[in-house]
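Each chain, written out:
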Amino acid sequence: MTKICTAAWIHGQVQGVGFRYATLHQAKQLGLSGYVRNQDDGSVEVVACGESERVEHLLAWLRQGGPAHARVDKVLTEPRNGSLGDFHGFDIHY
């Protein structure tokens, strides 16, 4: 299995709707490491590391809108090289 790290920025109605907690739950279910955190511009940043299929599964969930009360308008992603060992588990950063 190929292991990757991907950073994603999710734009829309994604703060104040339980987005970070729902993302944490999804990422832990998929066995990913990394973090999720709110950004000052109202977006949410996610860094997910693990098996490529599992990271893609999380990204698909994010693109489909995440938790029930969120509204996702746009998801931007970019690969993160060399970050696989930087995270132990998946956390919410504040």
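Please refer to the structure placed before this passage.
Just so it is clear, the model here is predicted, and its values are computed rather than measured.

A. Highlighting the side chain of S43. Tracing the backbone through its elements, the reader meets S43 in the loop between β2 (33-38) and β3 (44-51). Setting aside residues no more than four positions away along its own chain, S43 makes contact with I10, H11, V14, Q15, R37 and N38.

B. Fine view of the sheet that holds β2. Strand order in this open sheet of five strands is β4-β1-β3-β2-β5, and the pairing throughout is mixed. Edge positions in the open sheet fall to β4 (71-79) and β5 (90-92), since each of these has one partner strand only. Sheet twist, expressed as the average angle between the axes of neighbouring strands with direction ignored, equals 20°. For β2 and β5, the ladder comprises three bridges, and the chain directions are parallel. If you follow V36 over to β5, its bridge partner there is I92. The strands touched by helix α1 (residues 19-29) are β1 (3-13), β2, β3, β4 and β5; relative to β5, the strand with the most contacts, the crossing angle is about 175°. In the packing of helix α2 (residues 52-63) onto the sheet, contacts are made with β1, β3 and β4, and the angle to β3 comes to roughly 155°.

C. Examining the nonpolar core more closely. Within the largest apolar cluster, 24 residues are counted, with the highest numbers of intra-cluster contacts made by I10, F19, L32, V46, L58 and L62. Elements supplying a minimum of two residues to this core: β1, α1, β3, α2, β4 and β5. Take this core: its biggest share by element is five residues, from α2. Non-local contacts of L58, meaning those with residues more than four positions away in its chain, are made with T23, Q26, A27, L30, L32, V46 and A48. With six residues, the next largest nonpolar core counts C5, A7, C49 and F87 among its residues.

D. Fine view of α1. Within α1 the residues assigned to the buried category are F19, R20, A22, T23, L24, Q26 and A27. If you follow the buried residues of α1, they end up packed against β1, β2, β3, α2, β4 and β5. Of the residues trailing α1, G31 is marked for its positive phi of about 75°.

E. Spatial organisation of the state of the cysteines. Evaluation of the coordinates by the stated rule reveals one disulfide. Shown here is the disulfide that connects C5 with C49, its sulfur atoms set 2.0 Å apart. Because the sign of the S-S torsion sets the handedness, a value of about 115° for the bond joining C5 and C49 places this disulfide among the right-handed ones. With C5 in strand β1 and C49 in strand β3, this pair connects stretches of sequence that are 44 residues apart. Neither residue differs from the other here; C5 and C49 are each classed as buried.

F. Inspection of the pattern of salt bridges at higher detail. In this structure the tally under the stated criterion is four salt bridges. A salt bridge links R54 to E51; the nearest nitrogen and oxygen atoms lie 3.4 Å apart. By relative accessible area, which is 37% here, R54 ends up partly exposed. Accessibility expressed as a relative area gives 23% for E51, which makes it partly exposed. Bridged by salt links that share partners, the residues R37, E45 and R80 form one connected network.

What counts and what doesn't
- Residues numbered from 1 in each chain as written.
- Predicted model: local features only at pLDDT ≥ 70, side-chain atom pairs only at ≥ 80, totals over all residues.
- Heavy atoms only, no water.
- Helix = DSSP H or I, 4+ residues; strand = E, 2+ residues; numbered from the N terminus.
- Contact = heavy atoms within 4.5 Å.
- Pairing = 2+ DSSP bridges.
- Axes fitted to C-alpha atoms, helices over the stretch in contact; angles between N-to-C directions.
- Core = buried A, V, L, I, M, F, W, Y, C linked by side-chain atoms within 4.5 Å.
- Buried < 20%, exposed > 50% of the residue type's maximum accessible area, 1.4 Å probe, protein only.
- Disulfide = S-S within 2.5 Å.
- Salt bridge = Lys/Arg side-chain N within 4 Å of Asp/Glu carboxyl O.

From the geometry alone we can't say anything about function, so treat these as descriptive.
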